[in-house]
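# A closer look at the structure
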Amino acid sequence: MFQVIGKSVISLEVNEEKRDVTIEPSDTLLHTLREQLGLTGAKPGCENGDCGACTVLVDGWPIKSCLMLTAEAVGHRITTVEGLKNAPIQAAFVENWGFQCGYCTSGFLMVCHALSQIHPDAEEIVMEEWLQANICRCTSYEEIRNAVNVILHCSDSP
Amino acid sequence: MNSVGTNIQRQEAWDKVTGRAKYTDDDQITGTLHAKILTSPHAHAEIRSVDIRAASKVPGVKAILTGKDCAILCGDVIEDRPPLAAGKVRYFGEPVALVVAVSEREAMEAANRIAVKYKPLPVVASPSEAILGDAPLVHENLKKYKKAVQDVYPEPDTNIADRIKIRKGDMAKGWQESDVTVEASFQLPKSDHIAMETRAARAEIHPDGQVIITASSQAPFSVKKLLSKSFQLEEGKVTVKTPLVGGGFGGKVPVILEALAYLASKAVDGQAVRIANTREEDMVSAPGRLGLEAKIKLGATKDGYLKAAEMTYLVDTGAYTDIGPRLAKAIAVDCTGPYRIENVWCDAVCVYTNHPYATSFRGFGHTSYTFCVERALDQLAAALGTDPLELRMKNAIIPGDTTPTQVKVTSSSTGNLTACFERLGALIGWKEGARIDLGNGIVRAKGVSGFWKTSNSPTDAISGVLLTFNSDGSINLNSGVVECGPGMKTTLAQILAEKMKMDVSRIHVKLEVDTQVCPEHWKTVASLTTFMAGRAPLKAAEDLIEQVKSIAAVALKCPTEDLEVAEEKVFLKQDPTTYLEFKDLVHGYQYPGGESVGGQIMGRGSHIMSQLTTLDHETGRGKSGPAWAVGAQAVEVEFDTKDFSYRLVRAATVMDAGKVLNPKTSRGLITGGMSMGLGLGSREAFVYDGSGRVENTSLRTYKVLHIGEEPQYLVDFMETPQVDAPYGARGIAEDGIIGIPAALANALSTAARTELNQLPVTPESIWNAKTGGKL
């Protein structure tokens, strides 16, 4: 069993790189990513798991990084928005006007990207269930819906 | 080469999909201290004592401030709000103390150890209670407060901060001409902006007295002026920087955390201090959306022509005024909605309560009064036995009519509302019937609403643009407009590209605002940016073109009037093959022998609002904004008559945009506003306990619309140009929200066959309205 007692140095795998960070046991993954690694794409929208702006992928699954302790992320593969390398969902968001202020965008991108990897043929109801984890306050969701539909159901999606 | 009218992608689009876009609190600067507020647990209480001894001993604590350490009052209209409560607290969530520490964790721990003793006071829980003669006073010293503007009229020894009166026409005549009258009362709760980025600020004070503020703000120039005024700082020594803003909706206009960050930095010898709200603080400690109570009486002839309107609006500004008196003014100015009514009596009263205070919110009061007027119109249509859409079209404002403040409207100033209603009817299929029984207790129902909106800026609000050329002939555009989502800076680039007849990709926009180098833009609010800031690049472009031509005239040995500019070239009108490229001119022109003339060409454009007046205090006569945006909206629901639940099916907006500058962006702004309107209509409201404490302070208990709950959106635009606006374009960024709660409540009232005059409309509120709450 992995234990963190007091201030400790641990290793994380973030965006396919090994990164050493100093943490307190109570540090959330969100704070470690933002404050120690400068990966500020994940946002502290509520720090209560309600808004999804802090979503990252852990072993390919969307996780709200405000609800995960950094210590829990050891040994897992973490992907942040900065680690998306020309994922189709990024262009789909740009081309479909999928954002205005952009603050929720990283979180939505991570959920949509994971959905396209895990359920590339997701039905509408599944897509809605996944995306209901996140809040966008600027758009009407119409644009986000259009963007995610571009990357779902296409057989050549990576 | 057209930019206007095309789908130009926002300048910062790729930054926003790669995590590279930086917002205020994304700059993680080592050595920055952290500040945290302690907030009031009471809605109204006397502060008996504040003991900071235990808190001071928490490791890492650098300073603790309380109300006694900053005995000033702030306010944009009435100076009534201390940055930290002193003597008493007036709302749940009011900042009481501020801790500065090495880490946020230590600051929070210390804040929790500050011991405040309170003596609870009776709570003023609604605006109608607040105006009763024996109501407790929220501000005992109202008469001693300084006014920050001339045209505000607080009523001493009451809870009334301002009263705006509209007296138009002859009420006795209006009622005499009316065959049918309806009267109704309305209640709308306070709610919150819920911008996804919570408010944040950073401050540092240099040894020479320079104050550098970075803030998530829609009004960096207000921050500069208000800090300078409140803390007696030389204005030129205050610099405010605003990077991208993660949503504003009006909530990031007031100056709150900026003042606290300044005080915090001052307490630690000017070291850099950051402060960022938690979601809970952002919802109740910071100001939210106004509440409203209203009484409306409308009179019409039996043919359905409106003849008289009597309206009392009580604006719940909460514990402090902030911009509340201006919200009341905005409501008064447009109080009737976009309809021709010759006889109008309206009192819009700005009232203090012990609720969290209110500030600007998308629609600036218009969504609230529109709900009341449009609900009353449906009740009038029922009383007349006429079709609700027809009633609105019959009375829709047209050129030559006058507004409540007696401004005569023109086609340029108000567009074509009748055409909007006609198009809306076709779009939503109005003719198939407002209520259709689908069987099994399910009915499908539609409701409509009209809307209009003008702005309420100061009469001397300004906006400027500076342009510089790069040596490759491309242009840098520098304005004080904040990019908080609507894509305003991209719009400015489009306007400039159109005027310069060049490719918009060759316009480089400075996204961050820095008040030391950017020309002032009053505030990024009021859907005024296209109008105000949009006129500035037109002037600046003329300035550039004139300079380009005068250098080219020398080089090409011709008169300037023979020259034309397009596609980064200046050429002879009579022979376009004789030309010079911008790149060979704009950093000076060099003759073949090496001699040079000219220099870097820079353009400037500045706009000041014109023809606006303050309102006459007795009659309300005056001109508040340059023009109105107008439109018509509809909502269609599927309603279950068995359990009063409902589903949003379709929502439609037809708006006269003057000119659609960017179709996809425009649609997104309208549907975004509609989405927010459906949230207000169906769920969003602060819930209080019996002592005025807000109970739903998180996004788990305060629900906004999520994906899958939205209806199908239908949007269309009319294009009646606003002659004095850039390319005829009206402001549209707020307007999608305005009539939606009304249209939703009209649809549900039709569906449930009961009058739903409160928001939000939930299955429970419908049940209450239908049954009186009896099981």
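Per chain, the residues get numbers from 1 upward, laid out in the order the sequence is written. Lettering for chains starts from A, numbering for ligands starts from 1, and both go in the order in which the items are written. Confidence filtering applies because this is a predicted model: local features only for residues at pLDDT of at least 70, side-chain atom pairs given and counted only at 80 or more, and all residues used for totals across whole chains, interfaces and linings. Only hydrogens and water are set aside; all other atoms, that is, all heavy atoms of the structure, feed into the side-chain values.

### Considerations on the overall build of chain B
Note the cut-off: Helix and strand labels come from DSSP, where a helix needs a run of H or I of at least four residues and a strand needs a run of E of at least two; each type is numbered from the N terminus. Put simply, the radius of gyration uses C-alpha atoms, and a globule should come to 2.2 Å times the residue count raised to 0.38. Classification of residues uses two cut-offs on accessible area relative to the type maximum, computed with a 1.4 Å probe and protein chains only: under 20% is buried, over 50% is exposed, and between them is partly exposed. Contact definition: two residues touch when any of their heavy atoms are within 4.5 Å. Only the protein chains shown count as cover for residues, and all accessible areas are computed by the Shrake-Rupley method using a 1.4 Å probe.
Across its full length, chain B holds 18 helices and 32 strands. Taking 2.2 N^0.38 as the reference for a compact globule, 775 residues should give roughly 28 Å; the C-alpha atoms of chain B span a radius of gyration of 27 Å, in line with that estimate. Along the first, second and third principal axes, the C-alpha atoms of chain B reach 95 × 70 × 50 Å. Across the 775 residues in chain B, those meeting the buried criterion constitute 64%. In chain B, the proportion of contacts linking residues at least 24 apart, taken out of those at least 6 apart, comes to 78%. Working note: accessible area of chain B is about 27,100 Å², and carbon and sulfur atoms make up 49% of it.

### Comments concerning a negative patch on the surface
Residue and element names in this part refer to chain A. The condition is simple: Without a salt bridge and with relative accessible area above 30%, a residue can belong to a patch; like charges are then joined within 9 Å and nonpolar side chains (Val, Leu, Ile, Met, Phe, Trp, Tyr) within 5 Å. Should a side-chain nitrogen of Lys or Arg be within 4 Å of a carboxyl oxygen of Asp or Glu, the pair is scored as a salt bridge. Residues counted as positive are Lys and Arg, residues counted as negative are Asp and Glu, and His and the chain ends are not counted. Charged side chains are reduced to one point each, which is NZ for Lys, CZ for Arg, CG for Asp and CD for Glu.
A surface patch of negative charge is lined by Glu-13, Glu-16, Glu-17 and Asp-59. Along the chain, the position of Glu-16 falls in the loop between β1 (8-14) and β2 (17-23). Overall, Glu-16 belongs to the exposed group, its relative accessible area being 75%.

### Some details on the domain arrangement of chain B
This is how it is decided: For the purposes of this description, domain bounds are those given by an automatic or database domain assignment.
Structurally, chain B comprises domain 1 (31-121), domain 2 (291-457 + 613-771) and domain 3 (462-608). Summarising the inter-unit geometry, the C-alpha centres of domain 1 of chain B and domain 3 of chain B are found 49 Å apart.

### Some points on helix α4 (residues 124-131) of chain A
Residues and elements named next belong to chain A. Stated formally: Directions pointing from the helix axis toward each C-beta atom define the arc.
Along α4, the positions that sit buried rather than exposed are Met-127, Glu-128, Trp-130 and Leu-131. Across the axial projection of α4, the buried residues extend over an arc of 160 degrees, all falling on one side. Opposite its buried face, α4 presents the exposed residues Ile-125 and Glu-129, each directed more than 90 degrees away. Along its buried surface, α4 packs onto β4 (61-64), α3 (105-118) and α5 (142-151).

### A word on the nonpolar core
What counts, and what does not: As used in this record, nonpolar core signifies buried Ala, Val, Leu, Ile, Met, Phe, Trp, Tyr and Cys residues forming a set joined through side-chain atoms within 4.5 Å.
A:Phe93, A:Leu131 and B:Tyr313 are the most contacted members of the largest nonpolar core, which totals 175 residues. Beyond its immediate chain neighbours, meaning those up to four positions away, A:Phe93 contacts A:Gly98, A:Phe99, A:Thr105, A:Phe108, A:Leu109, A:Cys112, A:Ile144, A:Ala147 and B:Val17. In terms of nonpolar packing, the next biggest core, distinct from the first, is built from 39 residues, B:Ala493, B:Ile545, B:Ile551 and B:Val565 among them.

### Quick word on helix α7 (residues 257-267) of chain B
Residues and elements named next belong to chain B. Burial analysis of α7 places nine of its eleven residues in the buried class, the great majority of the element. Those residues of α7 that fall on the buried side of the exposure criterion are Leu-257, Glu-258, Ala-259, Leu-260, Ala-261, Tyr-262, Leu-263, Ala-264 and Ser-265. Residue Asp-269 follows α7 closely and has a positive phi angle near 55 degrees.

### Concerning the domain arrangement of chain A
Residue and element names in this part refer to chain A. Heads up, the condition is: Summed over both partners, the accessible area lost on bringing two parts together, with a 1.4 Å probe, is the buried area. A 3.5 Å cut-off defines polar contacts: any pair of N or O atoms within that distance qualifies, except that in protein one atom must be a possible hydrogen donor and the other a possible acceptor, and neighbouring residues in sequence count only when both atoms are side-chain atoms.
Segmenting chain A into domains produces domain 1 (9-80) and domain 2 (88-151). Measuring from the centre of the C-alpha atoms in domain 1 to the corresponding centre in domain 2 gives 21 Å. The interface is formed by 17 residues belonging to domain 1 together with twelve residues belonging to domain 2. Of the roughly 1,100 Å² buried at the junction of domain 1 and domain 2 (both faces included), carbon and sulfur atoms supply 69%. Looking at the side of domain 1 facing domain 2, the largest losses of area belong to Lys-43, Thr-55 and Leu-57, adding up to 31% of the total buried there. Inspection of the domain 1/domain 2 interface yields zero salt bridges. Linking domain 1 with domain 2 are four residue pairs in polar contact (both at pLDDT 80 or more).

### A few points about the sheet that holds strand β24 (residues 563-566) of chain B
Picture the strands of a sheet paired through backbone hydrogen bonds; they go either parallel or antiparallel. Residue and element names in this part refer to chain B. In plain terms, the rule: Between any two strands, at least two bridges found by DSSP are needed for them to pair. To obtain an axis, a line is fitted to C-alpha atoms, over the contacting stretch when the element is a helix, and the angle between two such axes runs from 0 to 180 degrees between their N-to-C directions.
If you trace the three strands from one edge of the open sheet to the other, you get β24-β25-β26, paired in antiparallel fashion. The open sheet has two free edges, formed respectively by β24 and β26 (575-581), since each of these has just one partner strand. On average, each strand axis in the sheet is inclined to that of its neighbour by 35 degrees, with strand direction left out of account. Inspection of the sheet shows β24 paired to strand β25 (residues 569-572) by four bridges, in the antiparallel sense. Across the sheet, Glu-564 pairs through a bridge with Phe-571, a residue of β25. Packing against the sheet, helix α15 (residues 529-556) makes contact with β24, β25 and β26, and its axis sits at approximately 125 degrees to β24.

### Observations concerning the interface of chain B and chain A
Listed as interface residues are 53 residues of chain B and, on the opposing side, 47 residues of chain A. Between chain B and chain A, roughly 4,200 Å² of surface is buried when both sides are summed, and carbon and sulfur atoms account for 53% of that area. If you sort the residues of chain B by the area they bury against chain A, B:Val17, B:Met196 and B:Ile707 come out on top, with a joint share of 19%. Remark: the boundary between chain B and chain A carries seven salt bridges. Put simply, A:Arg34 and B:Asp26 hold a salt bridge, and the shortest N to O gap is 2.8 Å. At the junction of chain B and chain A, the tally comes to 28 residue pairs in polar contact (both at pLDDT 80 or more). Contributions of two or more residues to the side of chain B that touches chain A are made by α1 (13-16), α3 (104-113) and α16 (663-682) of chain B. For the side of chain B that touches chain A, the leading source of residues is α16(B), giving nine residues.

### Overview of the packing of helix α14 (residues 488-500) of chain B against α15(B)
Residue and element names in this part refer to chain B. Here is the rule: Two helices cross in a left-handed way if the nearer one is turned anticlockwise from the farther one by less than a right angle. They cross in a right-handed way if the turn is clockwise. Note on residue classes: Ala, Val, Leu, Ile, Met, Phe, Trp, Tyr, Cys and Pro are nonpolar, Asp, Glu, Lys and Arg are charged, and everything else, Gly too, is polar.
Here α14 crosses α15 at 35 degrees, and the two axes come no closer than 9 Å. As α14 packs across α15, the resulting crossing turns out to be right-handed. Taken together, the residues of α15 that come into contact with α14 (itself represented by Met-488, Thr-491, Leu-492, Ile-495, Leu-496, Lys-499 and Met-500) are Thr-529, Thr-530, Ala-533, Gly-534, Pro-537, Leu-538, Ala-541, Glu-542, Leu-544 and Ile-545. Considered class by class, the residues forming the contact of α14 with α15 number eleven nonpolar, four polar and two charged.

### Points about the sheet that holds strand β22 (residues 507-509) of chain B
Residue and element names in this part refer to chain B. The strand order across the open sheet built from four strands is β22-β21-β20-β29, with neighbouring strands paired in mixed fashion. Among the strands making up the open sheet, the edge pair consists of β22 and β29 (602-608). Averaged over all adjacent pairs, the angle separating strand axes in this sheet is 20 degrees, with direction ignored. In this sheet, strand β21 (residues 475-479) lies alongside strand β20 (residues 462-469) in antiparallel orientation, the contact comprising five bridges. Residue pairing for β21: Leu-467 is matched across the bridge by Leu-477. Across the sheet, α14 is in contact with β20, β21 and β22; its angle to β21 comes to roughly 135 degrees. Against the sheet, α15 touches β20, β21 and β29, its axis set at about 145 degrees to β29.

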